[in-house]
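# Geometric and topological summary
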Amino acid sequence: MDKKIIITGASGLLGRECFKIFDSDNEWYVLGLAYSRSSDKLKRVDLTNFQQVASVFREFKPDVILHAAAERRPDVVEKEEDKTKQINVESTRNLCQLAIELGAYVIFISTDYVFDGRNPPYKITDKPNPLNKYGLSKAEGEKIVMEYSSGNIIFRVPVLYGSVERLDESAVTVLFDKVKDSSQSAEMNHCERRYPTSCSDLAVALKILVDSRIKNPDLTGFFHWSSTDMMTKYDMALAMAQLFGLPSHHLIADVKPSTGAPRPYDCQLDCSRMESLGATKRTPFKTGIKSVLENFYP
């Protein structure tokens, strides 16, 4: 067991799936880091404390650093810009420094929100032009990662869903609360196009990339992965209602742009580079979301 990977944000929506898939492979030794939800399996580390982080990394000596920890809620980022910068930008810089010291490479989980949504589908060579502070923070993180080493990887993803401890863990599953409550009307955005993607599919894609990198060190730079199911939040809510035989008369399609932090209209990602590596597992939205929401209904 001589291949070592550290996963930050290992208690989060994507981090949990990534930890699970690497931990199940005997060829990999995985260390998952968490903070507020650390456990027996996950080590409690404050990523904003460089000395603490450095001590853990120097002891473990990873080959790969999968940086999945982030503040990912656009409206929160708008209000807490400084706090967001600490986790989305400064902690990223620290991890890149340690990666060079330890001879590791970084996979930085980024977002489709680095694009403005005006000219999809977005190729890995397209220039970022974020519309909100969340997208700006991730674009800044991307720049740092690639400035530190051309051997690092930027992995952009869209809105995610997966097994959740609470419905509000994902911008997708949180819709189910309003779907279930037909006693009051609920406006659902029917403007911005999204590509809700299963975290378990994404973890499979990341594992393929990391394993492929061992055979081909030239697999560096930018990668995209996404579902091909184009849906608005209203479309997602209707699908949830249909899956569980729930009323949908209270769901109202709001065709105006979202309020709060500006959202791009359509950030469809060109995933051909990942597909060429054999990453093709895409669970249909209705199949994936049903298995996730069954635990929350009735």
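Below is a short write-up of the structure. As the structure is a computational prediction, the values presented were derived from the model and not from experiment.

### Digging into the environment of glycine 278
Checked against the element boundaries, glycine 278 lands in the loop between α9 (272-275) and α10 (285-293). Put simply, glycine 278 and alanine 205 are 73 residues apart on the chain and 8.3 Å apart in space, counted from C-alpha to C-alpha.

### Digging into the packing of helix α4 (residues 81-102) against helix α5 (residues 133-148)
Interaxial distance between α4 and α5 falls to 9 Å at its minimum, and their mutual angle equals 15°. Considering the angle they form, α4 stands roughly parallel to α5. In this structure, the crossing between α4 and α5 has a hand that is right-handed. Residues Glu81, Thr84, Lys85, Asn88, Val89, Thr92, Arg93, Cys96, Gln97 and Ile100 of α4 pack against Lys133, Tyr134, Ser137, Lys138, Glu140, Gly141, Ile144, Val145 and Tyr148 of α5. Its residues placed into classes, the contact of α4 with α5 shows 7 nonpolar, 6 polar and 6 charged.

### A look at the sheet that holds strand β4 (residues 64-67)
The parallel open sheet is built from 7 strands, whose spatial order is β3-β2-β1-β4-β5-β6-β10. Of all strands in the sheet, those bounded by a partner on one side alone are β3 (42-44) and β10 (221-224). Across the sheet, the mean angle separating the axes of adjacent strands is 25° when strand polarity is ignored. Where β4 lies against strand β5 (residues 105-111), 4 bridges are found, and the strand directions are parallel. Bridge pairing in β5 links isoleucine 65 to valine 106. The strands touched by helix α1 (residues 13-23) within the sheet are β1 (3-8), β2 (28-34), β3, β4 and β5, with β2 carrying the most contacts at an inclination of about 160°. Along the sheet, helix α7 (residues 199-215) contacts β1, β2, β4, β5, β6 (153-157) and β10; its crossing angle with β6, the most-contacted strand, is approximately 160°.

### Some remarks on the side chain of serine 137
Within the element layout of this structure, serine 137 appears in helix α5. Judged by relative accessible area, which is 8%, serine 137 ranks as buried. Residue contacts for serine 137: discarding those within four places in its chain leaves Thr84, Asn88 and Val89.

### Some thoughts on unusual backbone geometry
Cis peptide bonds are those with omega within 30 degrees of zero, and the linkage from proline 120 to proline 121 qualifies with -5°. Structurally, proline 121 is set in the loop between β5 and α5. In this structure, proline 298 follows tyrosine 297 across a cis peptide bond, with omega equal to 5°. Considering the arrangement of structural elements, one finds proline 298 in the segment after α10. The backbone of lysine 61 shows a phi angle near 55°, a positive value even though the residue is not glycine. Mapped onto the elements, lysine 61 comes out in the loop between α2 (50-60) and β4.

The rules behind the values
Residues numbered from 1 in each chain as written. Predicted model: local features only at pLDDT ≥ 70, side-chain atom pairs only at ≥ 80, totals over all residues. Heavy atoms only, no water. Helix = DSSP H or I, 4+ residues; strand = E, 2+ residues; numbered from the N terminus. Axes fitted to C-alpha atoms, helices over the stretch in contact; angles between N-to-C directions. Parallel < 35°, antiparallel > 145°, perpendicular 65-115°, else oblique. Left-handed = near helix turned anticlockwise from the far one by under 90°. Contact = heavy atoms within 4.5 Å. Nonpolar A, V, L, I, M, F, W, Y, C, P; charged D, E, K, R; others polar. Pairing = 2+ DSSP bridges. Buried < 20%, exposed > 50% of the residue type's maximum accessible area, 1.4 Å probe, protein only.

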